[in-house]
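# Coordinate analysis (summary)
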Amino acid sequence: MAMQAFPPHGDGPVARRSVAAGLVVVMAIGGWAQAAVDEPASDKPTPQQNAAKLMREGIAGIWQGTLEVGVKLRIVFHINAADDGKLTGTLDSPDQGAKGIKIDKVEFTDGALRLSIKAIAGAFEGKLDESTGKIAGKWSQGGASLPLVLEAVDKPPELHRPQEPKRPYPYDEEEVTYENAAAGVKLAGTLTLPRAGGPFAAVLLITGSGAQDRDESLLGHKPFLVLADYLTRRGIAVLRVDDRGVGGSTGNLNEATTEDLAGDALAGVALLKSRKDIDPRRIGLVGHSEGGLIAPLAAIRGDDVAFIVLIAGPGTTGEEILYAQGALIGRAGGATDEAVATQRKIQERMFAVVKEVDRAQREKPAEKPDIAAAEKQLADILVEATADLPDEQKKAAGDAQALAQAQSKQVLTPWFRYFLVYDPRPTLAKIRCPVLAVIGERDLQVPPKENLPEIEKALTSGGNKDFTLRELPGLNHLLQPCKTGSPAEYGQIEETMSPAALELIGDWIVKRSGGK
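Residues numbered from 1 in each chain as written. Predicted model: local features only at pLDDT ≥ 70, side-chain atom pairs only at ≥ 80, totals over all residues. Heavy atoms only, no water.

### A word on the overall build of the protein
Helices and strands together make up the secondary structure of the protein, namely 13 helices and 17 strands. Residues counted as buried form 56% of the 516 residues belonging to the protein. The long-range share in the protein, meaning contacts at least 24 apart out of those at least 6 apart in sequence, stands at 67%. Taken as a whole, the protein presents about 21800 Å² of accessible surface, with 50% of it coming from carbon and sulfur. (Helix = DSSP H or I, 4+ residues; strand = E, 2+ residues; numbered from the N terminus. Buried < 20%, exposed > 50% of the residue type's maximum accessible area, 1.4 Å probe, protein only. Contact = heavy atoms within 4.5 Å. Areas by Shrake-Rupley, 256 points an atom, 1.4 Å probe, with all protein chains shown as cover.)

Here's what the structure looks like:
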């Protein structure tokens, strides 16, 4: 079975900080995938004609296949042949918004294709089937191996995202950079400004877990671009920013905790306060998923934050989130009660190791914890779990030891250790500014029934009199209208964010800050 320990994430749980045995990701900023789109019928050559042409003229062209990783993830290889016959290529992962990843090695000999992509530690090996014109083989990455069948296509797939705004915009946009001096990182982003009526109220958008760009891009969606466009059209200035180590921002996100990222948020608030076109008394924070943990941490550090909006923000510890999330996503994917219970036991064993490392670090901060010993303990747990898999799943999982070692390192990062034990309730009890918290009814990553009541209790216990909580009917973790809420649906849904959710968030912000 696949052991899942997914942090809540705007880009979906397959991410830099995810733990999912047997689950392959193509990009460092992984995500959940869109199902393959059927192409319309056309006068294509027969499979036999394609195969003969390939053997005669080479492999150059566009090749597309679909990885089954719990969801369907389309992979596109662009292979080019120079006049001297040398082959080069690039990789696209359209469902993850990735294009043009360099293929370092392309070999096609006697009908066998071999590809190597160093940037993502991925490789493909396959053999041309002359009867079908397809190339059947294996995709390998991070110790795991999955079947992948490639077929020649005339053009790569296109995603339809009707809410994504197109230039020219009816407002101004400005590229900005600033520093979190205490952390020694430079942050880069985009500030959108209404064209009249300043100085403006403003919000800083804070992404979910994983290495996210300023648009929180995933699966071809750009939620923060859509949200920023909507709010700016309503008279609110919006700053959205690349995470540490992404785009124009520096730093190492792997080494940063959620509390560290609150410092990045406050650096953004300081930038907004320094501008004459922004009203320093009307600056708020809008956090999605993990951003819903970061925003309260930033808000309690001073009086600079006028209000906060928590979109799918957790109200419980990371450990509680991961148990609930694992069960809900597992069942949505067809897992039996027995499989869910087995996964829970594996999670509990792993988290016990992680919490012991965290406890040792907190008790003796001057001493480095024995990470190597903890990694071995975790790897042993995962290898043992893999040993109990059916033979077919063992084969699909690939090198169990290598995969276990890689995942052990992930859950021992400073970020994951902090996330697992951090309880947002004491922080929420200290919030004095207005709060809006919204979670989709079908959110399986931060389920509303477990989290909204805890947020309400914490705010009430602290004496906050101005907060609004909403469970939004029919919406998922990204605030998309959905059928089940499963992350497998995220990329299949054309709508990036429910217009009703946008209106609710916009109305609340405008009421408390001004706008239109």
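After that view of the structure, there is still more to cover.
### Observations concerning the nonpolar core
Core analysis: the biggest nonpolar cluster contains 72 residues, and L239, L285, I308, M350 and F416 have the highest contact counts within it. No other element matches helix α3 (residues 258-273), which puts seven residues into this core. (Core = buried A, V, L, I, M, F, W, Y, C linked by side-chain atoms within 4.5 Å.)

### Focus: the packing of aromatic side chains
Working definition: an aromatic ring pair is given by the centre-to-centre distance plus the angle between the planes. On inspection of all chains with the given rule, the structure shows ten aromatic pairs. With a centroid separation of 6.1 Å and an interplanar angle of 35°, the aromatic rings of F77 and F124 are classed as tilted. Of the two residues, F77 sits in strand β2 (residues 72-81) while F124 sits in strand β7 (residues 122-129), which places them 47 residues apart along the sequence. Exposure class is identical for F77 and F124. Each is buried. Ring plane angle 20° and centroid distance 5.3 Å describe the contact between Y418 and Y422, whose orientation is recorded as stacked. Residue classification places Y422 among the buried residues on the basis of a relative accessible area of 13%. An aromatic cluster of three or more residues is present, and its members are Y323, F351, W415, F416 and F419. The ring of Y323 is capped by R344, whose NZ or CZ atom sits 3.7 Å from the centre of that ring. (Phe/Tyr/Trp six-rings, centres within 6.5 Å; stacked < 30°, edge-to-face > 60°. Lys NZ or Arg CZ within 6 Å of the ring centre and 35° of its normal.)

### Here's the deal with the sheet that holds strand β16 (residues 435-440)
In any sheet, the strands associate via hydrogen bonds between backbone groups, in a parallel or an antiparallel arrangement. Spatially, eight strands are ordered β10-β11-β13-β12-β14-β15-β16-β17 in an open sheet, and the strand pairing comes out mixed. Two strands in the sheet have a free side with no partner beyond their single neighbour: β10 (172-180) and β17 (467-472). On average, adjacent strands in this sheet sit at an angle of 20° to one another, irrespective of strand direction. Relative to strand β15 (residues 307-311), strand β14 (residues 278-288) runs parallel, the two being bridged by five bridges. Bridge pairing links L285 to I308 in β15. Along the sheet, helix α13 (residues 499-513) makes contact with β12 (200-206), β14, β15, β16 and β17, crossing β15 at roughly 170°. (Pairing = 2+ DSSP bridges. Axes fitted to C-alpha atoms, helices over the stretch in contact; angles between N-to-C directions.)

### A few points about empty space enclosed by the protein
Taken as a whole and assessed by the stated rule, the structure comprises four cavities of 30 Å³ or more. Taken as a whole, the largest cavity encloses approximately 220 Å³ of empty space. In terms of lining residues, the largest cavity is bounded by 20 residues, among which I206, T207, D243, L261 and D264 are the most central. Secondary structure elements with two or more residues in the lining of the largest cavity: β12 and α3. (1 Å grid on protein atoms, 1.4 Å probe; cavity = no way out; pocket = protein on both sides within 12 Å on 5 of 7 lines; lining within 4 Å. Points joined across faces, edges and corners; volume = space filled by probe spheres on them.)

### Digging into the pattern of salt bridges
A full pass over the atoms with the stated rule returns 30 salt bridges. The salt bridge partner of R362 is D358, with a shortest N-O separation of 2.6 Å. Of this pair, R362 and D358 both sit in helix α6 (residues 337-363), four residues apart, which is roughly one turn of that helix. A relative accessible area of 51% means that R362 is categorised as exposed. Since its relative accessible area comes to 9%, D358 is described here as buried. Each of E320, D423, R425, E454 and K457 takes part in salt bridges that share partners, so that together they form one network. (Salt bridge = Lys/Arg side-chain N within 4 Å of Asp/Glu carboxyl O.)

### Quick look at the side chain of Q325
Relative to the helices and strands, Q325 is located in helix α5 (residues 318-332). Its relative accessible area of 1% is what places Q325 among the buried residues. One polar contact links the side chain of Q325 to the main-chain carbonyl oxygen of Q445, over a distance of 3.0 Å. (Polar contact = N/O pair within 3.5 Å; in protein donor to acceptor, adjacent residues only side chain to side chain.)

### So, α5
With 15 residues, α5 extends 21 Å from end C-alpha to end C-alpha; this agrees with the ideal 21 Å at 1.5 Å per step. Across the 15 residues of α5, eleven count as buried, placing the element largely inside the fold. Buried within α5 we find G318, E319, I321, L322, Y323, A324, Q325, G326, A327, I329 and G330. Contacts made by the buried residues of α5 are with α6, α10 (414-421) and α12 (448-461). (Expected span 1.5 Å × (residues − 1).)

### Overview of the environment of G326
Examined against the element boundaries, G326 turns out to sit in helix α5. For the pair formed by G326 and Q343, sequence separation is 17 residues and the distance between their alpha carbons is 7.8 Å.

### Structural notes on the sheet that holds strand β3 (residues 87-93)
Ordered by their spatial adjacency, nine strands build an open sheet running β4-β3-β2-β1-β9-β8-β7-β6-β5, and the pairing between neighbours is antiparallel. The open sheet has two edge strands, β4 (98-103) and β5 (105-109), and neither has a second partner. For this sheet, the mean angle separating the axes of adjacent strands, direction not counted, is 25°. The pairing of strand β8 (residues 134-141) with strand β9 (residues 144-153) spans seven bridges and is classified as antiparallel. Paired with S140 across the strands is S145, a residue of β9.

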